[in-house]
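Single-letter residue listing:
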Amino acid sequence: MPDPFSATRCAHIAVVGAGWWSQGWHLPHLSRNYHAQITAIVEPCEAPRSTLNPDLKTTEELQKLYAVPVFKTFDEFLASPEAEQTDGVIIATTHSAHYEVGMKAIGRFHVLMEKPMTTDLAEADWLAQAASKSDHIFMLNNTANFRDSTEKVHNMVKSKIGQVRSVNCYMAAALLWLFEDPENVGWIKPTGSMQGNGFGLGQMSHALAWLYFVTDLEPEKVCCSMLHSEKTGADITDIAIVHCAGNAIMSIHGTASMPFKSYFESTKHIHMKIFGSGGVLSYGGEDQHPESGGLRLELFDGTDQHLPGFYFENYQAEGDGPESLQVFLSGCTGTKILNAADAMIGRKVVATLDAMYKSAKTGQFEVIKPFETANEIDYTIYLFD
């Protein structure tokens, strides 16, 4: 991707949600990034808690550490002088709060929202519609989508693979410790209108966003089977067939059941194959270990090209942030960017996962409503007082 640091002005960013991901990644990244300045933090809980990090700082400690005001609600922030100085917001709240904060932010700020976009398809429709009418950036923090290698795959699919006919997606992780722990309520228990919760929403959202960016496929109907944890009820293995427009088919297999060794050794195993009228593109390896895999392009004209190096998600806590953050900061300062995880990709992911969870219950194909139908909804009636 183009160098996101061509902009000279610093991006002024507010962080909404100060849980374990913001405290471990977003806030430290921004504080170390010369192209960013934190303007405010929004967090309703004075002492945020997480089973994944028992040592979270209080909002008072965060205020002192980053020398910025902390607001209890997004509305309080919107009414503050800091909001007038803010270019963009990072939304890292609980998934259920993405919609409310997102709808208030779209049109006023550039938005970088954690994935998945929502856990409710109707909310995803309204967010996508609002984002399509805004002249501000709306990005999902699907870090894999902003890798240089992902743009290369996207371009090869466009120029070499031809019409996509079928896709095979495999993602395996050593995450039973997460999805089989009853204390991890946010990762295992559905709330509100959620059809389910577990590996699908927690991990397959990453792989699906990558696939929809590199292929541009439009999902139409889904059939899915799931295995659930006997300890928590969370889905820990998901196998789905996704029928897409243009008679393309995706085969999806995701599981949390890899053996856990250590945080360094137990990386995700990811293998993608994209078959088209021109040939097949394969991309796979072990996440966080570039030497473990790479890209292979095999075409019917005899081409057999190998490119070593596998780069997928970037969740390194050190440094000044992943490629997605660099692109977002650049966009906040007016530089033209390639948005590789926009609201429409987010909507496709939510729609696919919603259909997967429904199909796992009904045992039937679940049809995905086209986005054009959602455009007829007056989403303004769902705004908040």
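Residues numbered from 1 in each chain as written. Predicted model: local features only at pLDDT ≥ 70, side-chain atom pairs only at ≥ 80, totals over all residues. Heavy atoms only, no water.

### Structural notes on the UniProt feature "domain: Gfo/Idh/MocA-like oxidoreductase N-terminal" (unreviewed entry) in the protein
And then number 1: As recorded in UniProt, the sites labelled "domain: Gfo/Idh/MocA-like oxidoreductase N-terminal" (unreviewed entry) are residues 12-141.
And then number 2: Secondary structure across residues 12-141 divides into 38% helix and 19% strand, with the first and last C-alpha atoms of the span separated by 18 Å. (UniProt positions renumbered as here; feature names shortened; annotations may be inferred. Helix = DSSP H or I, 4+ residues; strand = E, 2+ residues; numbered from the N terminus.)

### Points about the pattern of salt bridges
And then number 1: Counted under the stated rule, the structure contains 16 salt bridges.
And then number 2: The residue Glu46 makes a salt bridge to Lys72 at a minimum N-O spacing of 3.4 Å. In this pair, Glu46 sits in the loop between strand S2 (36-42) and helix H2 (59-66) while Lys72 sits in the loop between strand S3 (70-71) and helix H3 (74-78), placing the two residues 26 residues apart along the sequence.
And then number 3: For Arg347, the salt bridge is made with Asp125, and the minimal N-O distance between the two is 2.5 Å. One end of the pair, Arg347, is in helix H12 (residues 343-362); the other, Asp125, is in helix H6 (residues 121-132), with 222 residues separating them in the sequence.
And then number 4: Judged by its relative accessible area of 0%, Asp125 is buried.
And then number 5: In this structure, a network of salt bridges that share partners links the residues Asp75, Glu100 and Lys104. (Salt bridge = Lys/Arg side-chain N within 4 Å of Asp/Glu carboxyl O. Buried < 20%, exposed > 50% of the residue type's maximum accessible area, 1.4 Å probe, protein only.)

### Digging into the confidence of the model for the protein
And then number 1: The predicted model of the protein has a mean per-residue pLDDT of 93, with 94% of residues at 70 or higher.
And then number 2: Throughout residues 377-385 the model reports pLDDT below 50, and contacts reaching past four residues in sequence, or to other chains, amount to 16 contacts. (pLDDT = per-residue confidence, 0-100. Contact = heavy atoms within 4.5 Å.)

### Some remarks on the packing of H6 against H12
And then number 1: Two numbers describe how H6 lies on H12: the axes approach to 9 Å, and their chain directions differ by 170 degrees. What the angle tells us is that H6 and H12 run roughly antiparallel. Contacts between H6 and H12 involve Leu121, Ala124, Asp125, Ala128 and Ala131 from the first element and Ala343, Met344, Arg347, Val350, Ala351 and Asp354 from the second.
And then number 2: Per-class residue counts for the contact of H6 with H12 are 8 nonpolar, no polar and 3 charged. (Axes fitted to C-alpha atoms, helices over the stretch in contact; angles between N-to-C directions. Parallel < 35°, antiparallel > 145°, perpendicular 65-115°, else oblique. Nonpolar A, V, L, I, M, F, W, Y, C, P; charged D, E, K, R; others polar.)

### Comments concerning the UniProt feature "domain: GFO/IDH/MocA-like oxidoreductase" (unreviewed entry) in the protein
And then number 1: Under the local residue numbering, the UniProt record ascribes the feature "domain: GFO/IDH/MocA-like oxidoreductase" (unreviewed entry) to residues 156-281.
And then number 2: With 25% helix and 38% strand, the stretch residues 156-281 has end C-alpha atoms that lie 8 Å from each other.

### Looking at the side chain of Thr255
And then number 1: Positionally, Thr255 belongs in strand S10 (residues 248-255).
And then number 2: By relative accessible area, Thr255 is classed as buried at 10%.
And then number 3: A distance of 3.2 Å separates the side chain of Thr255 from the backbone nitrogen of Ser257, its partner in a polar contact.
And then number 4: Discounting residues that sit within four places of it in the chain, Thr255 has contacts with Met171, Ala172, Ala173, Phe199, Ile236 and Thr237. (Polar contact = N/O pair within 3.5 Å; in protein donor to acceptor, adjacent residues only side chain to side chain.)

### Digging into the sheet that holds strand S8 (residues 219-228)
And then number 1: Reading across from one edge, S14-S13-S12-S11-S7-S10-S9-S8-S15 is the order of the 9 strands in this open sheet, with mixed pairing throughout. In this open sheet, the two edge strands, each paired with only one partner strand, are strand S14 (304-308) and strand S15 (366-367).
And then number 2: Each of strand S7 (164-172), strand S11 (269-276), strand S12 (279-286), strand S13 (289-299) and S14 is contacted by helix H7 (residues 148-161), which is oriented at about 165 degrees to S12, the strand it contacts most.
And then number 3: Contacting S8, strand S9 (235-244) and S15, H12 crosses the sheet at an angle of about 55 degrees to S8. (Pairing = 2+ DSSP bridges.)

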